[in-house]
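Given next are the chains, with one letter for each unit.
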Amino acid sequence: KASRQSKPRETPAQLRSLRGSTRSSRSNHFTASTLARGHGVSEEEHTEMLLRGDGAGGSDAASASSSESSVPPDGVFRTYPGASAAAGAFRTYPLNRRTLPPGIPYIIVNEGAERFSYYGMKAILVIFFTHDLGMSDALAREYYHAFTAACYFFPLCGALLAETVLGKYRTIMYFSYVYCGGHLALSLSQAPHAPSAGASAAAAAAAATPSSAQMPFLFGVGLLLIAVGAGGIKPCVSAVLGDQFCAANQPLLAPTFAAFYLAINAGAFLSTLATPALLEHAGPHVAFGVPGLLMAASTLAMWLGRTSYAHIPPAGAGFVREACGATGRAALAKLLPLFAFFSAFWSLYDQTGSAWVLQAEKMDRSFLGVQWLPSQVACVNPLLILLLVPAFNGFVLPQGGRRVPGLYDLAGSVVRVTPLRKISAGLFLLAASFLLPLHVETRIAAGEAPSIGLQLLAYLVLTSAEVLVSVTGLEFAYTQAPTKMKSAVMALFLASTALGNLFTALVNLLITNADGSTATSDVAYFCFFVALMFVVAVAFVPFAYTFREQTFVQGGEDDPRPHEVETAAAVGQPQQQWRAGGAPCSRGVKHVDSVSS
C-alpha cells in the first residue's frame, strides 16, 4: 500500500504510450505464436530463427519488419514438400513487387550454362557420326534428329512429375544429376585405354581407340541420359522463371523472357565456337568433357539460388482436375493446334545442325580471313540472336536511360503488332531462309564450291524468323497456360520440337537405301522442305485470325494461393490490401474479347 502511494502517477501522455506498447507487445506475441505454430517450433525458437535470419522462408522471414513482408495473409508459412523447420522452409508464393524478383539471376545463369553444355555437345554430333563412326549423311541426319526428338519428348515426363509430385525446383535438381551423368558417359566413352607396359607401338595404337562395339554402347547410354536429363528440366526452368512474377510486375515478364533467351544463345554461341575446335585439336574425350563441366556449374547455380525463388507447390490432383476441367480443356484445345504449327517450324530450323553442317563441308569456308570448321558456322545463329532480340524489342541506353525503339515499335506505328502476327511473319521468313541453301545445293550439284557467306546470309533470315516465332512462342505459351498447368504446357511447347524432329528423322529414314546411301538428291531434299514450310505458313493465317487469347499469371484471379505483399516504403505507393482468397494483385487474368490477330 505504501509503495502504491509512493509511486508517481502517470500523465495522460504516458498512459497512451503505455497502452500503445502493450498493444504492440500483444501483436508481436500473436505474430510469433502464429508463425511458430505454422513451423512446428516454439515461440522462443522462432524468435531466435528470425534474429538469425534463417528458418521460416530463409532470409525472407528475417525481413518480416522490413520493406518486404514475408507474412502470408493467414499468418502461416507454407512449407515446401521435403523441407523442415530446421533446414528452412521455402517461400511458396511470388513477391508482390514492381521490381525484378530476386531469384532471376540464378535462373538465367543456370540456363546459360546448361545450354552451353547441350549445344556444345550437339554441335559436334553430326561430324562425329560421319567422321568417327563412319555413318552416311542420311543416317547421321536420322540419328541426330532422333536424339533431338528424344530431348524434347522427355519434357512431358519432367512436367508431369513437377506438377503432381516433386515440384519444379526438385525436378530440375534430380534431372540435372542424370544430365551430368550423361555427359560423363559421353566423355568416358571416348577415353583412350592405357596400353600395358612393353606393348608394341601397334598394340598401343589399337589400345588408344575403343572398339567399335564398346564405343557405340557407351555413347548411346550417354545420349539417352542427356535426353532424359535435358528433357526433364527444360519445361521447369522456364516455368520457374515465370512463377517469380505476379500481376504487379507482369510488365517485366516479356523483357525477362528476352533476357532468358539471350542467356540461352550466349551459351550456344560460345559452345558452338569452342567444342568443334576442341574436337579438331584435342579429340572427342575433351570435346565431350568440357560441356559436362558446364552442366555441373549449371546445377550449382540453380542450387545456390534455392532460397530466393518462389517455390510454387505441386498441384497434385489439382493438376489433373484443372487439366480435365473446363479451363484446362479450353486452353489445350487452343494451344495444341498452335503447337502443331511450331512443329513444322522446328522440323526445318533444327536442320541447321545436320543438313546445313553437311552442306558446309562442301563449301568454301574461308571467310573474313578465317577458315571455318563446318560445325562452327552455326555459331552465327546465337550471335545474331544477341543482336536481333534488342533490335526487335528495343533497348535502353546505359547513359541517360533513353529507350531506343525497336522494329516492333516501328511496325506498331503502321499495323497492330500481336504475338500471333509475329509468329505468322516468322513462318514465312523461315521458308524464305531455306531458299538460299536450296540455291547453294544447285551450285554444288553443278560442281561449284560456293562461299560460306551465302549460308551466313541464310542464317540472318532464319534467325529473324526464330526471334519472331520461338522467342514470342515461349512467352505466349506460358501466359496462355492455366496456373496449375504451366510446366505441362511448356512441355507441350517443347514437344512440338520433338514432333518436328521426328518428322525430319522419318523423312531421312524413308530416303535411305538398304546400303546406307541416299535415294534422293540434296536439291530435291531442300525443295521438299521449302514447299512444306510455305504451305504451313499460309495455313497459319486463318488459324491466327480466329484465335482468342486468355492470359493467366501467378497471383491472378484464377490463382487462390497467397502472394507476398510489398510495403508502401518499398514501392512508393499505398500498400495493396489483401482481397478475399489472398490475391492482392489487381489484375491476373486478362480476357481478350477481340481476336488477337
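The structure we're discussing is the one just above.
From a predicted model like this one, the values you see are computed outputs, not experimental measurements. (Residues numbered from 1 in each chain as written. Predicted model: local features only at pLDDT ≥ 70, side-chain atom pairs only at ≥ 80, totals over all residues. Heavy atoms only, no water.)

Points about the pattern of salt bridges
Enumeration over the complete set of coordinates arrives at six salt bridges. Close ionic contact of Arg115 with Glu114 constitutes a salt bridge, the shortest N to O distance being 2.7 Å. Residues Arg115 and Glu114 agree in their burial class; the two are buried. One salt bridge connects Asp243 with Lys168, and the closest N-O pair in it is separated by 2.8 Å. Here Lys168 lies in helix α9 (residues 168-189) and Asp243 lies in helix α11 (residues 214-243), a separation of 75 residues in the sequence. What makes Lys168 buried here is its relative accessible area of 5%. (Salt bridge = Lys/Arg side-chain N within 4 Å of Asp/Glu carboxyl O. Buried < 20%, exposed > 50% of the residue type's maximum accessible area, 1.4 Å probe, protein only. Helix = DSSP H or I, 4+ residues; strand = E, 2+ residues; numbered from the N terminus.)

Comments concerning the nonpolar core
Formed by 121 residues in total, the largest nonpolar core has its most connected members in Met121, Leu125, Leu338 and Phe540. With sequence-adjacent residues up to four places away left out, Phe540 is seen in contact with Leu338, Phe341, Leu420, Ile423, Ser424 and Leu427. (Core = buried A, V, L, I, M, F, W, Y, C linked by side-chain atoms within 4.5 Å. Contact = heavy atoms within 4.5 Å.)

Concerning the packing of helix α17 (residues 380-393) against helix α21 (residues 453-479)
The N-to-C vectors of α17 and α21 enclose an angle of 50°; their axes lie 9 Å apart at closest approach. As the angle between them shows, α17 and α21 are arranged oblique. Remark: the crossing between α17 and α21 carries right-handed chirality. Within the contact between the two elements, α17 uses Val380, Asn381, Leu384, Ile385, Leu388, Val389 and Phe392 and α21 uses Leu456, Tyr459, Leu460, Leu462, Thr463, Ser464, Glu466, Val467 and Leu468. Grouping the constituent residues of the contact of α17 with α21 by class yields twelve nonpolar, three polar and one charged. (Axes fitted to C-alpha atoms, helices over the stretch in contact; angles between N-to-C directions. Parallel < 35°, antiparallel > 145°, perpendicular 65-115°, else oblique. Left-handed = near helix turned anticlockwise from the far one by under 90°. Nonpolar A, V, L, I, M, F, W, Y, C, P; charged D, E, K, R; others polar.)

A closer look at the side chain of Ser354
Residue position: Ser354 is located in the loop between α15 (326-349) and α16 (355-360). Ser354 gets classed as buried once you look at its relative accessible area, which sits at 0%. The contacts of Ser354, once residues within four sequence positions are left out, are Val126, Arg141, Tyr144 and His145.

A word on the packing of aromatic side chains
Throughout the structure, instances matching the rule amount to 30 aromatic pairs. Ring geometry for Phe345 and Trp346: centres 4.9 Å apart, planes at 85°, overall edge-to-face. The class for Phe345 is buried, based on a relative accessible area of 0%. The class for Trp346 is buried, based on a relative accessible area of 10%. Taken together, the ring pairs in this structure connect Trp356, Phe434, Tyr459, Phe503, Tyr525, Phe526, Phe528 and Phe529 into an aromatic cluster. The cationic tip of Arg141 hangs over the ring face of Tyr525; the distance from NZ or CZ to the ring centre is 4.6 Å. The ring of Tyr408 carries the charged tip of Lys422 above its face, separated from the ring centre by 3.9 Å. (Phe/Tyr/Trp six-rings, centres within 6.5 Å; stacked < 30°, edge-to-face > 60°. Lys NZ or Arg CZ within 6 Å of the ring centre and 35° of its normal.)

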